[in-house]
Amino acid sequence: MRDSTDPTGIVARSKRLSERTRSALILLLFTGLLAASNWLWRWDLLLYDLQMGFVSRPPAEDIIIVAVDEKSLEILGRWPWSREVHAKLVDRLTQAGARAVVLDILFAEPDRANPDSDNQLIQAIAASERVFMPVILEEHRQGGILVESMPLPALSNVAAGLGHVHMDLDADGIARGVFLYEGLGQAYWPHLMLALLNWLDPEEAGVGTAPSSRQMHNVHTINRHTHRLIPFYGPAGHYHRYSYSQVLEGDYLPNLFRDKIVLVGVTATGIGDALPTPVSGHGVPMSGVEINANILQSLMRDESITTIAYLPHLLGSALIVVLPFVLYPYFPTRIAPLVSLVLAFGFFLSTLALLHRANYWFPPSAALVGLMLSYPLWSWRRLDQAVRYLNQQLERMQREQRLLPVEQHPSDLRSAMEFLARLMPLQGWVLYDAGTGKQLMRNGSELGPPLEMLETGSWRRSGAELWTEIQRPERTWQLGLVWPRNEVPEWSSLKLVNEFALQFSREAESEQDGVLERVELRMQQMQEANARLQRFRNLINNAVGQMDDGLMVINGVGQVVMANPRASFYLGHQSDRELLGEDAYHLLCVLEIQGGEMWEELFKKVLLHKEAVRFEALRPPNTELFVQLKPLEDVDAEFPGVIVNLSYIGTLKRSERTRAKMLNFLSHDIRSPITSLLSLTQSRQLLDGSATEMAKQIEPLARRSLRLADNFLRLARAEAAETASFTDTDFVEVAHNAMDEVYVQAKAKQIKLLRQFNEDEIWLQGDLALLERALVNLLENAIKFSPPRSQVTMTLSIQGARLVCEIEDQGPGIPEHQLAEIFMPFMQADSNRLMRKKGVGLGLSFVKVVAEKHHGGVAARNSENGGAIFILNLPCEVIASREAPCDEGG
C-alpha cells in the first residue's frame, strides 16, 4: 500500500534500501568479528579434514614403501631385529637399483648382543651411498629434557643424509602440517624428505635453507621454521607397499625397485608411530613412513597448501555474507531460506575447489555462520518493518466508525438475567444505580446496596453476595447476585456472568478538546472496535468449527474461501486451511454422486440458475454423505458463490441396511420354518395318522424357530439392561459355568476344553446371566468352527484394572476384511459359507452389547497358528494379593 504522502514511492524504497543496508552491515561486522577472533577454529579444522577426505589423487609411481608389518614380524620374529637383517635389506635394495633408500628406523645405540651386526649394517650403508636416516627429538629418560637422538656416529658418517621426522600436531591432536626445518637451539635439521630431495636434485629443492654451521644457544628449546600443510594424496594404504620379509626373500618382480625411492618403516600395530590425519577415515591412523611418503611427493611436485592470509580472509568472509541481502529481494519469501542454504552450500564447494585445485585453504566457518544467520536477520528486520507499518495503519483506523456494536439495550437485562438464573443456582439478583442508590430491578431475595467500592470488570464477594459494576454512557450500574452460601461459583459460571456484564457495558464518550486527546480517544475506539470484531470472528469460527456438518463457501470462480474442519475431514484433508484457495471442483470430485449427475451440471444449476440441489454422495471407501448446494444471496454483486453443506449419513444408512437385513431375516429365517410347520399340519401323513414321523419333521423346525426367538429375546434383554441392577459377580465362577454348559457340545466333536485361569477370583459389577450367556455364545462359536479332536482354550488374566478373557479355537479363522464387522447384527463371516455353517448373526452381536453394557469391549483377531481369538475385556476390582493360577483341561 502506497502512502498518500509519498505518491511516487521514493521514500518507501529508500527506507527499504536503508533497512537492507543496515542488516547487511550488522551481519558483516559480526562475521568479521568471528573471522578476526578465530573463535571457530575447531569448526575450521573439522571442515578442512572433511574437504581433504573428499578427493583422492594417485600416488607417485617412483615412491615405494617397504613395511615392517605383521607378516614380517611373524616370519622374522620379535622386534627389534638384528641389524644384520637390515644390512641384508639395504644390500638387496642397492642391488635392485633403488634410487634412494630411507631407513625410517633409529639406530641410536650399538647392538651389544651382536656387535658384528653393527659393522655389517655400516658396511652395507657405506657401500650403498644412498641411505638416509632420521634424527628424532625426544625427552631424555632420566633428566626429562629434550635431546636429539641420532644414529650411531659410524652410521651417521656413512649415511647419505640425515633429517628430522618430527610431526607437529594441531590443538585437536591431528597431524596436518610439518616444519621443514627444526632442531634444538637452532633449526638446523631439514626434514628427512627435504634432505633426500636436496640430495636427489639440489637445484629443484630450494625450499628454505638451513644454517651452514650450527650455533648452540639454548640446546633444550625446539626452534623451527617453514611450516607447510601436507596435501595428503589419499588415506592410509594409498602408496605402493611391500612387506619387509617379502623384499628380503627376493619375492618381487625384476626392476621393481629400479630408479625408485624406497621408504623403509614400521606399519605394524604397537611398535611404530601412527598418527591421525585429515584423511584417517573411520579412526584409522596413518603410519609415520606413509606420512613421509605424502611429504616427499608434495616436495617433489612442489605442492603445498597455503592458508589464506589474515586480511584477505577477513575481508572475504565479511563480503560473502553481503551477497544474500543482494539476492533476497529478487526471490519470494518462501524461497529465501533455500537461497541461504544454496549460497552456503555453494560457498562450501568453492572452498573445496580452491583447496584441491589451487592448494589454497580458506577457513569457511565464519562465512558459513554468517550465511546461515542472514535469513533469520533479514526476516527479523522485515518483520520489524512490517510491525511499524501496521502500527501506522492502526493509528489511521482511529478515524473509522465503530465496526461491530454488540452492546445490549438496557431493556434486555431482565430477560438475560432470567436466562442465567435457569443455568446457575442464583437465589436472587438486584440492579442499583450507583449514583443515586436507587433500585432499578430485582428478582428473588432482597439485597441492599454494596458497602464496598466496586471496579468495572471484576467481581467482589461479600458472604453469599457477588457484586460488580457495569459502565453505561449515562450512569453506572451495580449488579448484585445472591449465591448459595456454601457453594463456590465455578469457573464456567463466572465466565458466563462476565460475558453478561461485558455485553451491557458501554463507556461514555467524553468531550476532548486537545489534538492529542482526540487521537488517544480515536485509538481507544479503534482498539475497542477491533476487540469486538475479533470476538465476533472467534464466535463465528468457533460456531462453524463445532458444527457436525461440513461447511464450505465457494466464490464465483470456484475457489474455496471458507471451510470448517469437518468439511476437510469429509474430503480427506488434515486441516481446513488446506482447502482455502483450492479449486472446489477438484476437491468435490472425490465424492461419487449417487444418481448419475455430473458436478458440472450441478454447479451450473446453482451459479447460473440459482437453484438449490440436494443429493447423496459417497467418498470411497465407505463415507456416505448428504450434500446440499445453495446459491449465496447477492448481497454483494462482486461475490456470487455457493454454500456447500456436507452431512454424514453413514449411521442412518447402516440403520437402513440393518433394518433391511432384519426384514429379510423376518421374511425368510423365521417365516420359512413357520410356513413349513403349517404345511406339515396339512400334510397327508398327519391326515393318515402317522404322527410319529410327522413329529420328527416338525421338531427341528420348531426348535429353529424357538432358537431364533430366544436370540432375539436375549439381544433385547441385553440392550435393555440397566447398570443400576448390576451386582457383585465373580467372573471366574461365570467362566466355569459357561465351560460346563458347552461341555456336551464339545464332547460330541471330541474337542478338548482347556482352562488357563491366572486368578482364582475376579470380582466386578455385572449381570451374571448376561455375562454367562456371552461366554457361552463365544464358546459355542469356537466349538462350531473347530475341527473334531481339536481344542478350545479360555484364558483369564488381569491387566491393569481390567480383566481380559481370551477364547481361542483351531478353526479356519476370520477373513481380515471382516474382523471389524463380525460383531454387527446379522453379519456372518465368509468362513460360515465355506464350512456350510448355518447361523443368524445375533450371537456375536449379543456379546458386543453385553460388553458395552459392562463398560468393556470385545474384539477378534486371527491366531498365528490358525484359528480365531476372541478377546473380551471388562473393568474389574483389583485385589492386591493373588493366589496361584489355575490351569485345567476339560
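Quick caveat: nothing in here was measured; it's all calculated off a predicted structure. (Residues numbered from 1 in each chain as written. Predicted model: local features only at pLDDT ≥ 70, side-chain atom pairs only at ≥ 80, totals over all residues. Heavy atoms only, no water.)

So, on to the sheet that holds strand 25 (residues 623-631). Across the sheet, six strands lie side by side as 22-21-26-25-24-23; this open sheet has antiparallel pairing. Looking at the sheet topology across the chains shown, the edges are occupied by strand 22 (560-563) and strand 23 (592-593). The pairing of strand 25 with strand 26 (residues 641-648) spans seven bridges and is antiparallel. In the strand pairing of strand 26, Leu629 is matched with Val644. Those strands touched by helix 19 (residues 599-607) are strand 21 (550-555), strand 23, strand 24 (613-619), strand 25 and strand 26, and its axis lies near 35° from that of strand 25. (Pairing = 2+ DSSP bridges. Helix = DSSP H or I, 4+ residues; strand = E, 2+ residues; numbered from the N terminus. Contact = heavy atoms within 4.5 Å. Axes fitted to C-alpha atoms, helices over the stretch in contact; angles between N-to-C directions.)

Let us now look at the confidence of the model for the chain. When pLDDT is averaged across the chain, the result is 79; 77% of the residues are at 70 or more. Across the chain, strand 2 (residues 100-103) holds the top mean pLDDT of 94, while helix 26 (residues 830-835) sits lowest at 47. Segment residues 833-837 is flagged for pLDDT under 50; beyond a separation of four residues in sequence, or across chains, it makes eight contacts in the model. In the model, residues 881-886 has pLDDT below 50 throughout and makes eleven contacts with residues more than four positions away in sequence or in other chains. (pLDDT = per-residue confidence, 0-100.)

As enumerated under the stated definition, the model contains 14 salt bridges in all. Salt-bridge contacts for Glu84 lead to Lys88; the nearest nitrogen and oxygen are separated by 4.0 Å. Remark: Lys88 and Glu84 occur in helix 4 (residues 83-95); sequence separation between them is four residues, near one turn of the helix. Residue Glu780 pairs with Arg773 through a salt bridge whose shortest N-O separation is 3.4 Å. By relative accessible area, which is 26% here, Glu780 ends up partly exposed. Here Arg773 falls in the buried class, since its relative accessible area comes to 15%. Salt bridges sharing common partners tie together Asp49, Asp170, Asp172 and Arg176. (Salt bridge = Lys/Arg side-chain N within 4 Å of Asp/Glu carboxyl O. Buried < 20%, exposed > 50% of the residue type's maximum accessible area, 1.4 Å probe, protein only.)

The subject of this paragraph is the nonpolar core. Core analysis: the biggest nonpolar cluster contains 58 residues, and Met193, Leu196, Leu263 and Ile295 have the highest contact counts within it. Take this core: its biggest share by element is seven residues, from helix 12 (residues 336-358). Setting aside residues up to four positions removed in sequence, Leu263 forms contacts with Ile63, Ile64, Ile65, Val66, Val102, Met193, Val289, Asn292, Ala293 and Leu296. Counting 45 residues, the second largest nonpolar core, distinct from the first, contains Phe731, Leu753, Leu844 and Val850. (Core = buried A, V, L, I, M, F, W, Y, C linked by side-chain atoms within 4.5 Å.)

Right, let's talk about helix 2 (residues 41-52) for a bit. Here helix 2 spans 16 Å end to end across twelve residues, near enough to the 16 Å set by a 1.5 Å rise per residue. Among all positions in helix 2, only Asp44, Leu45, Leu47, Tyr48, Asp49, Gln51 and Met52 are buried. (Expected span 1.5 Å × (residues − 1).)

With that settled, the discussion passes to the layout of surface pockets. What the largest pocket holds in volume is close to 1200 Å³. Along the wall of the largest pocket there are 39 residues; nearest its centre are Leu106, Phe107, Ala108, Ile136 and Glu138. Elements with a contribution of two residues or more to the lining of the largest pocket: helix 4, strand 3 (131-139), strand 4 (146-149), strand 11 (261-266) and helix 9 (288-300). Top contributing element to the lining of the largest pocket by residue count: strand 3, with five residues. Classifying every residue of the lining of the largest pocket by side-chain character gives 21 nonpolar, nine polar and nine charged. (1 Å grid on protein atoms, 1.4 Å probe; cavity = no way out; pocket = protein on both sides within 12 Å on 5 of 7 lines; lining within 4 Å. Points joined across faces, edges and corners; volume = space filled by probe spheres on them. Nonpolar A, V, L, I, M, F, W, Y, C, P; charged D, E, K, R; others polar.)

Counting buried positions along strand 33 (residues 868-875) gives six out of eight residues, so the element sits mostly inside the fold. With seven bridges connecting them, strand 31 (residues 802-808) and strand 33 associate as antiparallel partners. In the strand pairing of strand 33, Cys805 is matched with Leu872. In this sheet, strand 33 lies alongside strand 32 (residues 857-862) in antiparallel orientation, the contact comprising six bridges. Along strand 33, the bridge assignment pairs Gly857 with Asn873. Hairpin connection, strand 32 to strand 33: the antiparallel pair is bridged by five residues, and Gly866 has positive phi, about 95°.

Here we come to helix 7 (residues 192-200). An α-helical turn contains 3.6 residues, so a residue and the one three or four places further along point in the same direction. Burial within helix 7 is extensive, with seven of its nine residues counted as buried. If you check which residues of helix 7 are buried, you get Leu192, Met193, Leu194, Ala195, Leu196, Leu197 and Leu200.

With that settled, consider the sheet that holds strand 16 (residues 428-433). Strand pairing in a sheet relies on backbone hydrogen bonds. The paired strands run either parallel or antiparallel. Spatial strand order, 17-16-20-19-18: five strands in an open sheet with antiparallel pairing. Of all the strands in the sheet, just strand 17 (439-444) and strand 18 (460-462) have a single pairing partner and so form its edges. On average, adjacent strands in this sheet sit at an angle of 20° to one another, irrespective of strand direction. The pairing of strand 19 (residues 465-471) with strand 20 (residues 476-482) spans seven bridges and is antiparallel. Looking at strand 20, one finds that Glu465 is bridged to Val482.

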